[in-house]
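# Residue-level structure breakdown
The chain contents come next:
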Amino acid sequence: MILCQNCKTPNNASRQNCSRCGTRLMMITVRGMNQDSGLGNTLEEHLLERISMLEYLLSRMQERFERLLDLMHRHA
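The notes below deal with the structure included here. (Residues numbered from 1 in each chain as written. Predicted model: local features only at pLDDT ≥ 70, side-chain atom pairs only at ≥ 80, totals over all residues. Heavy atoms only, no water.)

### Focus on the overall build of the chain
Our working rule: Numbered from the N terminus, helices here are DSSP runs of H or I no shorter than four residues, and strands are runs of E no shorter than two. Contact definition: two residues touch when any of their heavy atoms are within 4.5 Å. All accessibility values rest on the Shrake-Rupley procedure with a 1.4 Å probe; residue burial counts only the protein chains present in the view.
The secondary structure content of the chain amounts to one helix and two strands. Here the contacts in the chain between residues at least 6 apart in sequence split such that 2% fall between residues at least 24 apart. Counting only carbon and sulfur atoms, one obtains 55% of the accessible surface of the chain, whose full area is about 7000 Å².

### Brief notes about the pattern of salt bridges
As a reminder, the rule being used: Here a salt bridge means any side-chain nitrogen of Lys or Arg lying within 4 Å of a carboxyl oxygen belonging to Asp or Glu.
Tallying each qualifying case throughout the model produces one salt bridge. Where Arg-74 meets Asp-70, a salt bridge forms, and the shortest distance between an N and an O atom there is 2.6 Å. With Arg-74 and Asp-70 both in helix H1 (residues 39–75) and four residues apart, this pair spans about one turn of that helix.

### Here we look at unusual backbone geometry
Definition in use: Here the term buried applies to any residue with accessible area under 20% of the maximum for its type, exposed to any over 50%, and partly exposed to those in between, with areas from a 1.4 Å probe on protein chains only.
Backbone geometry places Lys-8, a non-glycine residue, at a positive phi of 65 degrees. Judged by its relative accessible area of 54%, Lys-8 is exposed.

### With respect to a nonpolar patch on the surface
Using the following cut-off: Like-charged residues are merged into a patch within 9 Å and nonpolar side chains (Val, Leu, Ile, Met, Phe, Trp, Tyr) within 5 Å, provided each residue has over 30% relative accessible area and no salt bridge.
On the surface, Met-53, Leu-54, Tyr-56 and Leu-57 cluster together to form a nonpolar patch covering roughly 410 Å² of accessible area. The topology assignment puts Met-53 in helix H1.

### Focus: the side chain of Asn-11
Definition in use: Each polar contact in these results corresponds to two N or O atoms within 3.5 Å; when the atoms are within protein, one needs to be able to donate a hydrogen and the other to accept it, and residues that are neighboring in sequence are counted only if both atoms are side-chain atoms.
Within the element layout of this structure, Asn-11 appears in strand E2 (residues 10–11). Relative accessible area serves as the criterion here: at 1%, Asn-11 is assigned to the buried category. Among the polar contacts made by the side chain of Asn-11, one reaches the main-chain carbonyl oxygen of Thr-9 at a distance of 2.9 Å. A polar contact is formed between the side chain of Asn-11 and the backbone nitrogen of Ser-19, at a distance of 2.8 Å.

Spelled out as structure tokens, the structure:
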């Protein structure tokens, strides 16, 4: 069971899009993966890279918001 990130409707794990709102379900599934294939490690590395990039982007956004808030305080 996968919950839609948009409307929180439960969907079957085999679905690509939400049955209610049509939003693409954001979940990575790998079928037939065994531990000897090395695919699991590759997937984990990919996910770690994506998480690291998101953390970096969030920190940059936070810096920008802090600068914007500082400018607003100076203007007021």
